[in-house]
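Breakdown of the fold
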Amino acid sequence: MVKLSLVYDRIGWEEKRFELKAREMGIDLQSIDAKTYLVDVQIEPKVIHEKFGEVVLQRCISHFRGLHLTAFLESKDIKVINSYKVAEICGNKFLTTLQLIKANIPTPKTILSFTADSALNAVEYLGYPAVLKPVTGSWGRLVAQLKDRDSAMSIIEARELLNGPLNQIYYIQEYIQRPPRDIRCIIVGEELITAIYRYAPIGDWRTNIARGGKAELCQITKELEDLALRAAKAVGGGVLAVDMMESNRGILVHEVNSRVEFRGAASVSNVDIAEAILNYAIKEQKR
Amino acid sequence: MKAKCLECEGEITIPDDVVEGEIVSCPDCGADFEVVEVSSGKVELKAAEMVGEDWGE
């Protein structure tokens, strides 16, 4: 029987789906709670391999928790999906942007600054409206539209008062005039397995499914596929969700997610996403 | 399956396919709980973690 592990800190819809699908596929999938696991760095790799198997699906909802655990598992020569390097890049919007730019992938204009004063200058440089995002975090949390100088000053001032050093890193992007939707492409290895539109819920401009956004199937064109695969490759590849916007200068990639949430996509796609990811994990094990 | 809310003692319905680590919410007070153990038709709950700044995809 094929053995895989899944590390988690909260069992959500996707993790349940993996467990169910693994049973159907005859995979011995062991779910390990990161919250109670003691990372003994001295432990013999053999012991770790017996517990985790050769391949681990990293599903911790806490980015930094997942990152540390991945570093540990990789140090014991366990294959983690996704790798530390990929998770580190995708868990930080600025690092993602750098990789996208390096790979010549169209992405919104972005300025990073380190103080509230320079953040306001960055907004003025990009023009209004602009968007302020935290470099880490998801689900559109703390993503703010800066519509004019007054609102920019207030929002930046509020950010300045938030604790945590990452809150004093100001990642500012041009606001993209787009339809009230974005495109999410789910990549598994070398393949774009499904794509959806995510429509912003009524009363919000953010399209995150976690915020009540609605999914609709998106036809995969050659252009979309090429761009999504290039973006996935730019961050190091694996199981990824590439998020894109339709703009008047073509499709722009604005984010690549490493711990893919696919409940919205699964509600409209004919592809069994959990099955595709498990098959990929098995393939990686045999490598 | 039913469980009693640790906060308000309201009745929480536990889905049949519940697994350890899953989050359930109290319909009365809205508190979230993590299912820490499932055994012989009973579940043990504890207060769920608060959403962290680094949570997400």
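Just so we're clear, the structure is a prediction, and the values are computed from it rather than from any experiment.

Description of the overall build of chain B
- Across its full length, chain B carries 0 helices and 5 strands.
- Beginning at the N terminus, the succession of helices and strands in chain B can be written as β-β-β-β-β.
- Summarising its shape, the C-alpha atoms of chain B cover approximately 35 × 25 × 15 Å along the three principal directions.
- Every one of the 57 residues in chain B was classed for burial, and the buried ones make up 42%.
- Taking contacts inside chain B between residues at least 6 apart in sequence as the whole, the part at least 24 apart equals 19%.
- Accessible surface, chain B: about 3,400 Å² in total, of which carbon and sulfur atoms supply 45%.
- Computed over 4 positive and 16 negative side-chain charges, the inter-centroid distance for chain B is 11 Å.

A few points about empty space enclosed by the protein
- Counted under the stated rule, the structure contains 5 cavities of 30 Å³ or more.
- Reported here for the largest cavity is a volume of approximately 360 Å³.
- Forming the boundary of the largest cavity are 28 residues, of which K133(A), V143(A), N208(A), H254(A) and E255(A) lie nearest the centre.
- Per-element accounting of the lining of the largest cavity gives the leading share, 3 residues, to strand β13 (residues 250–257) of chain A.
- For the lining of the largest cavity, the residue count by class is 8 nonpolar, 8 polar and 12 charged.
- The volume enclosed by the second largest cavity comes to roughly 290 Å³.
- Lining the second largest cavity are 26 residues, with H63(A), G91(A), S258(A), R259(A) and E57(B) positioned closest to its centre.

Section: the nonpolar core
Residues and elements named next belong to chain A.
- Counting residues in hydrophobic clusters, the biggest one holds 29 residues, and the most contacted among them are L4, F18, L57, I186, F262 and I277.
- Sorting the residues of this core by element identifies β1 (2–8), α1 (13–25), β2 (27–33), β3 (55–58), β9 (181–188), β10 (191–199), β12 (239–247) and α10 (273–286) as the ones contributing at least two each.
- The greatest single-element share of this core, amounting to 8 residues, is contributed by α10.
- Each of two domains, domain 1 (2–89) and domain 3 (177–279), supplies a minimum of three residues to this core.
- Beyond its immediate chain neighbours, meaning those up to four positions away, L4 contacts I27, D28, L29, Q30, F52, V55, L278, A281 and I282.

So, the sheet that holds strand β5 (residues 42–47) of chain B
All names here are of chain B.
- Strand order in the open sheet formed by 3 strands is β3-β4-β5, with antiparallel pairing between adjacent strands. Each of the sheet's edge strands pairs with one partner strand only, and the pair in question is β3 (23–25) and β5. Sheet twist, expressed as the average angle between the axes of neighbouring strands with direction ignored, equals 45 degrees.
- Pairing of β3 with strand β4 (residues 32–39), which is carried by 3 bridges, proceeds in the antiparallel orientation.

Comments concerning the interface of chain A and chain B
- If you look at the interface, chain A gives 25 residues, while chain B gives 18 residues.
- A combined buried area of about 1,900 Å² lies between chain A and chain B, and 42% of that area is made up of carbon and sulfur atoms.
- Taken as a group, R10(A), I11(A) and K16(A) account for 32% of the area that chain A buries against chain B, more than any other trio of residues on that side.
- One can count 5 salt bridges joining chain A with chain B.
- In this structure, the salt-bridge partner of E34(B) is K35(A), at a minimum N-O distance of 3.1 Å.
- Here chain A and chain B share 19 residue pairs in polar contact (both at pLDDT 80 or more) between them.
- Per-class residue counts for the side of chain A that touches chain B are 6 nonpolar, 8 polar and 11 charged.

Some remarks on the packing of helix α6 (residues 116–126) of chain A against helix α7 (residues 149–160) of chain A
All names here are of chain A.
- Two numbers describe how α6 lies on α7: the axes approach to 10 Å, and their chain directions differ by 145 degrees. The two elements α6 and α7 meet at a crossing, and its hand is right-handed. Seen from α6, the contacting residues are A116, A119, L120, V123 and E124; seen from α7, they are R149, A152, M153, I156 and E160.

Definitions and limits used
- Residues numbered from 1 in each chain as written.
- Chains lettered and ligands numbered in written order.
- Predicted model: local features only at pLDDT ≥ 70, side-chain atom pairs only at ≥ 80, totals over all residues.
- Heavy atoms only, no water.
- Helix = DSSP H or I, 4+ residues; strand = E, 2+ residues; numbered from the N terminus.
- Buried < 20%, exposed > 50% of the residue type's maximum accessible area, 1.4 Å probe, protein only.
- Contact = heavy atoms within 4.5 Å.
- Areas by Shrake-Rupley, 256 points an atom, 1.4 Å probe, with all protein chains shown as cover.
- Lys, Arg positive; Asp, Glu negative; His and termini not counted.
- Charge placed at Lys NZ, Arg CZ, Asp CG, Glu CD.
- 1 Å grid on protein atoms, 1.4 Å probe; cavity = no way out; pocket = protein on both sides within 12 Å on 5 of 7 lines; lining within 4 Å.
- Points joined across faces, edges and corners; volume = space filled by probe spheres on them.
- Nonpolar A, V, L, I, M, F, W, Y, C, P; charged D, E, K, R; others polar.
- Core = buried A, V, L, I, M, F, W, Y, C linked by side-chain atoms within 4.5 Å.
- Domains from an automatic or database assignment.
- Pairing = 2+ DSSP bridges.
- Axes fitted to C-alpha atoms, helices over the stretch in contact; angles between N-to-C directions.
- Buried area = accessible area lost by both parts, 1.4 Å probe.
- Salt bridge = Lys/Arg side-chain N within 4 Å of Asp/Glu carboxyl O.
- Polar contact = N/O pair within 3.5 Å; in protein donor to acceptor, adjacent residues only side chain to side chain.
- Left-handed = near helix turned anticlockwise from the far one by under 90°.

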